[in-house]
Every structure is written in structure tokens, then in C-alpha cells.
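Breakdown of the fold
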Amino acid sequence: NQVKKDIVIMKPSHSHLKVDLGERSYPIEIGTDLLRDVRLLARTIRGQRIVIITNTVVAPLYLDRLTHSLKEAGKDVSSLILPDGEKEKNWESLMKIFDFLMENKSDRKTTLVALGGGVIGDLTGYAAASFMRGVSFVQVPTTLLAEVDSSVGGKTGINHPLGKNMIGAFYQPEAVIADTTTLNTLHDRELVAGLAEVIKYGAIVDAAFFQWLEKNMEKLLARDSEALAYAIRRSCEIKADIVRQDERESTGLRAILNFGHTFGHAIEAGLGYGEWLHGEAVGCGMVVAADLSCRMGWLDEESGKRIRGLVERAGLPIVAPALGMDRWIELMQVDKKNVGGEIQFVLLKALGDAVVTKVPAELLHATLTDNTAP
Ligand code: NAD
Ligand code: MG
């Protein structure tokens, strides 16, 4: 596999890595209490005029803290608080951001700061990509999912009433500042959902990281700050390295990040969005994809069991809901990865070695039959 696997161990309280994209390169800062780190914020957020975009859940928790530190750093700060929730990742919220920027006489030098989970990050990033044809933005992710996944890689956008993430742009942030202290207020269910994406990184490119997760799952669930910092750093490293090689999903490499997602998306859409969290659907989707990888004669049974075991220990579902065979196929056919109507799956040749492939219908049917609730 083309993804490099060297781990740089840094001090647990703060580490730094770089997403290497030529002149669009940017740092990812990971550590405890970074929202109080005035010097770090002054260094990583270069603009003078800052507009923080956040929501009604995150604002009471962290907006004052971040505003205070940015003011200490000598910045001019204003903020916009949007309603919370995936359903708000829409055109109306985007317009609220533009209205606010226009009313406050923002200009090309204004920097948008996304303070929140993936919803706020995706929305703010897309607003930054389009306001005056592009202003700087900084990601300050506050959910585990956002810290390991959505804040890194430059996919931004909103939902269309007829489909998730259908309108958007590739637009890289100026920096990602992941303050792991913010995870302390996250609901257990959201933390666990984020762990699904962490497990995914081990499964697709790094068997040693997968093994580390097996050893440290209890610590992660107990929110041990050192364990979380390591898991976040390694996840970002893997995602950054894949994005560096295939920024716009044109070589196929970036598609391996969709391991577990073909089945996962079908579960989310089939049950109705919001019934299962994305991470829960991905966790279960990885178990199903691992089973299919075994049936293809690629993944050994032992590794398949390890994936199922780790997903289960994380507290994620391992049995898919009964959707009916025809509905499964129909739902998987609308996946963005597909070419010419044929469903493309991300499967494993081995633990830490993913491929994008078609599969014989009989094997797919057998997998779905054996992994769904009666
Ligand atoms: P989210 O942003 O809705 O956050 C989940 C919930 O946690 C929300 O209610 C939020 O307000 C709350 N919250 C956030 N931080 C908190 C904190 N520190 N303490 C307590 N509560 C907190 O959901 P998410 O899981 O972070 O992100 C999901 C979104 O990310 C989806 O829209 C998905 O499409 C997108 N996404 C994008 C990418 C990408 O590459 N751009 C990748 C994966 C997911
Ligand atoms: Mg995902």
C-alpha cells in the first residue's frame, strides 16, 4: 500500500502535523486546552478580522473561551450562532452566514472560524469557499468525528433536500485546531460514533494501529486524554497522507476512506437519516464489508473476527437492520463511488490493505443474508 506508516511520537499534551498540499499545505494542531492557548491561536490564525461560526449547543460551552483567547491575541472577533443539527446544513444557514458577513462589512481579509462538529465545519468551509470567491477559514472541530475526519481534507458543503452533501466544494482550511478537551462534554453516543472512523483508518491502511486500538479501546471509551490524543493524531496522519496523494478523489486512493460506508449509507438512508448516527452505520458497515472480504477469499477469518470484535467493543452495532434485499441493492446503487451503475465496494485484501472492487451478486446476497437482523 502507498500510504506511509511511520508514526512520529510527540508529547501527549500538544502535537502538530502537516497536510502536505504544496502551497495549500496547512497544519493540524492537536492537544488539550488549545482554545486557551493564545500564542498558538495568534500563530495559526493569521487574519486580523475573525468571524466565528458556531451553533446553539457549542456556543454556551466554548464560544466565550475562544473569543476571549482571540481577543487576547489582538484580533477583532464577532460571531454567529446557528441552530444545531444535520437538518440545518442547508441553503438557509449558508445564507445566514452570508447575510452576517455582508451586514458586518466583512472583506477578503476576513477569516471564518468553524467552531463545532462536522455540520458547522462543512457549512463554514463552503461559506468561506464562496464568499468573495474565497476567504480564509480555520477549523476548530469539537466532536471526535470532526477531529479525526471532517475537518481534514477540504471537503465542504451542504445538503440538498434530495441528497446529502450534494452541493459543495473542495476548499482547504488555513489550519485545523483540535482541542481534545472539548471532547469531555460530548455525549457518549457521539464519541462512539467517532470511534468508528478511527477503527476504519486502522482497518484500511495500518494493522499496527488497529492492534493499538484493540489494546486501548477501554481507555478511549473512558476518554483517557493521552489515548484520545494518540488516536486522533494517527487518524489525522493517515487521512492527511491519503488526501495528499489524492486530494480530489481522482486516482481512487481517497475512495478507500469509504470502507464500511457503502453499507453504512444504505443503512442511514434505508432507516431514514438520523435514526442511526453516521458512525454507527459505518461501524456496522465495516463488519458487513469485512464479511464480504472473507467471502471473496481475501481477508482471513481471524481478521474478520477481529474487526467484528473491535466494532462491538467500541459499542457500535454489528448486525444490520432488515431492509430487504431489493432495497439494499437499490440504496447502494445511488453511491457516489459507482461507475456505470455497478456498485463499487471498498473491501480488504488483508487487515490494513484496502481495495475498491465489484463483487459477484451471490456473495453480496450471502453476506447481506447473514449479517442483517431477521
Ligand atoms: P454534528 O456537527 O451534528 O455534531 C454532533 C452533535 O454534537 C451536535 O448536536 C453538536 O452540536 C454537538 N456538539 C459538538 N461539539 C460538542 C461538544 N464538544 N460537546 C457537546 N456537544 C457537542 O455532527 P458530527 O458527527 O460532528 O459531523 C457530522 C457531519 O459531518 C455530517 O454532516 C457529515 O456529512 C459531515 N462529514 C463531513 C466530512 C468531510 O470530509 N467534510 C467527513 C465526515 C463527515
Ligand atoms: Mg464517514
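Preceding block: the structure.
Values in this document were obtained by computation on a predicted structure and should not be read as measured data.

This part covers the overall build of the protein. A count of helical and extended segments in the protein gives 13 helices and eleven strands. Taken against the 2.2 N^0.38 rule, which gives 21 Å for 374 residues, the C-alpha radius of gyration of the protein at 20 Å falls within 12% of a compact globule. Within the span of the protein, comprising 374 residues, buried residues form 49% of the whole. A sequence separation of at least 24 residues applies to 75% of the contacts in the protein between residues at least 6 apart.

This part covers the site of ligand 1. Surveying the vicinity of ligand 1 reveals 26 residues, the closest of which are V57, G117, G118, T143 and S150. For the shell around ligand 1, the secondary-structure elements that each account for two or more residues are α4 (118-130) and α5 (144-150). Considered class by class, the residues forming the shell around ligand 1 number eight nonpolar, eleven polar and seven charged.

To continue, consider the pairing of strand β5 (residues 111-116). Regular strands place their side chains on alternate faces of the sheet. With six of its six residues buried, β5 lies for the most part within the structure. Because side chains alternate across β5, one face comprises the buried residues T111, V113 and L115, and the other comprises L112, A114 and G116, equally buried. Note: strand β3 (residues 49-55) against β5, four bridges, orientation parallel. Within β5, the residue paired with I50 across the bridge is T111. Bridge count between β5 and strand β6 (residues 137-141): five bridges; the pairing is parallel. Note on β6: the bridge partner recorded for L115 is V140. Following the chain from β5 across α4 to the adjacent parallel β6, one finds a crossover that is right-handed.

A separate point is helix α6 (residues 188-205). Note on helix geometry: an α-helix contains 3.6 residues per turn, so any two residues three or four positions apart are oriented the same way. Taking 1.5 Å per residue, 18 residues should reach 26 Å; α6 reaches 27 Å between its end C-alpha atoms and fits that length. Most of α6 sits inside the fold, with 15 of its 18 residues counted as buried.

As a further point, take the nonpolar core. Looking at soluble globular proteins, one finds that nonpolar side chains tend to be buried together. Among the nonpolar cores identified, the biggest contains 113 residues, and I53, V113, L115, I199, M286 and A289 are the most heavily contacted of them. Residues contacting M286, with those up to four places away along its chain left out, are I199, K200, A203, F259, G260, I307 and V311.

Look at helix α9 (residues 261-271) against helix α12 (residues 325-332): their axes get within 9 Å of each other, and the N-to-C directions meet at 110°. It follows that α9 is roughly perpendicular to α12 by the angle criterion. For the pair α9 and α12, the sense of crossing is right-handed. In contact with T262, A266, A269 and G270 of α9, α12 contributes R327, W328, L331 and M332. Class assignment for the residues of the contact of α9 with α12 results in five nonpolar, two polar and one charged.

Tracing the backbone through its elements, the reader meets E342 in the loop between α12 and β10 (345-350). Taking the number of C-beta atoms within 10 Å as the measure of exposure, E342 has 9 and is therefore exposed. Residues E342 and K358, 16 residues apart in the sequence, show an inter-C-alpha distance of 7.3 Å.

All right, on to the environment of E301 then. Secondary-structure assignment places E301 in helix α11 (residues 301-313). In this structure, the C-alpha to C-alpha distance between E301 and D291, residues ten residues apart in sequence, is 8.4 Å.

Right, let's get into the pairing of strand β11 (residues 353-357). Here β10 pairs with β11 via five bridges, running antiparallel. Its bridge partner being in β11, A350 is matched across the sheet by D353. As consecutive antiparallel partners, β10 and β11 are separated by two residues, and within that stretch G352 has a phi angle of approximately 90°, a positive value.

Further remarks concern helix α13 (residues 361-371). Those residues of α13 lying buried are L364, T367, L368 and N371. In a view along the axis of α13, the buried residues occupy a sector of 95°, so they form one face of it. Projecting away from the buried face of α13 at angles above 90 degrees are the exposed residues E362, T369 and D370. Summarising the contacts, the buried residues of α13 are in contact with α10 (278-295) and α12.

A separate point is the sheet that holds strand β9 (residues 175-179). In any sheet, the strands associate via hydrogen bonds between backbone groups, in a parallel or an antiparallel arrangement. In space, the seven strands of this open sheet follow the order β1-β2-β9-β6-β5-β3-β4, with mixed pairing throughout. On the outer flanks of this sheet lie β1 (14-19) and β4 (76-82), each paired with one strand and no other. Strand-to-strand twist across the sheet, computed as the mean angle between neighbouring axes with direction ignored, equals 15°. As paired elements, β1 and strand β2 (residues 26-31) share six bridges and run antiparallel to each other. Within β2, the position partnered with V19 by the bridge is Y26. The strands touched by helix α3 (residues 91-103) within the sheet are β3 and β4, with β4 carrying the most contacts at an inclination of about 155°. Sheet strands touched by α4: β3, β5 and β6. Its angle to β5, the strand with the most contacts, is close to 170°.

Thresholds applied
- All residue numbers here refer to positions counted from 1 along the written sequence of the relevant chain.
- To label them, take the chains in the order written and letter them from A, then take the ligands in the order written and number them from 1.
- The model is predicted, so local features are restricted to residues of pLDDT at least 70 and side-chain atom pairs to those at 80 or more, both for listing and for counting; the totals for chains, interfaces and linings are taken over all residues.
- Each helix is a run of DSSP H or I of at least 4 residues and each strand a run of E of at least 2, with the numbering of both proceeding from the N terminus.
- Computation of the radius of gyration draws on C-alpha atoms, with the globule rule given as 2.2 Å multiplied by the number of residues to the power 0.38.
- Burial in this document is a count-based property: other C-beta atoms within 10 Å of a residue's C-beta are tallied, and the residue is buried at 20 or more, exposed at 12 or fewer, or partly exposed in between, with C-beta positions derived from the backbone.
- Here, residues touch in the contact sense if the C-beta positions derived from the backbone fall within 7 Å of one another.
- Throughout this description, a residue near a molecule or strand is one whose C-beta atom, derived from the backbone, lies within 6 Å of it.
- Gly counts as polar in this scheme, as do all residues outside two lists: the nonpolar Ala, Val, Leu, Ile, Met, Phe, Trp, Tyr, Cys and Pro, and the charged Asp, Glu, Lys and Arg.
- What makes two strands pair is DSSP finding at least two bridges between them.
- A clockwise course of the path from the first strand over the helix to the second, judged with the strands pointing away from the viewer, identifies a crossover as right-handed.
- Helix span, as expected, comes to 1.5 Å for every residue beyond the first.
- Put simply, a nonpolar core is buried Ala, Val, Leu, Ile, Met, Phe, Trp, Tyr and Cys residues tied into one set by C-beta atoms within 7 Å.
- Each axis is a line fitted through C-alpha atoms, taken for helices only over the stretch in contact, and angles between the N-to-C directions span 0 to 180 degrees.
- Roughly parallel refers to an angle under 35 degrees, roughly antiparallel to one over 145, roughly perpendicular to one between 65 and 115, and oblique to any angle outside these ranges.
- A crossing counts as left-handed when the near helix is turned anticlockwise from the far one by less than a right angle, and as right-handed when that turn is clockwise.
- The arc in question is the one traced by the directions running from the helix axis out to the C-beta atoms.

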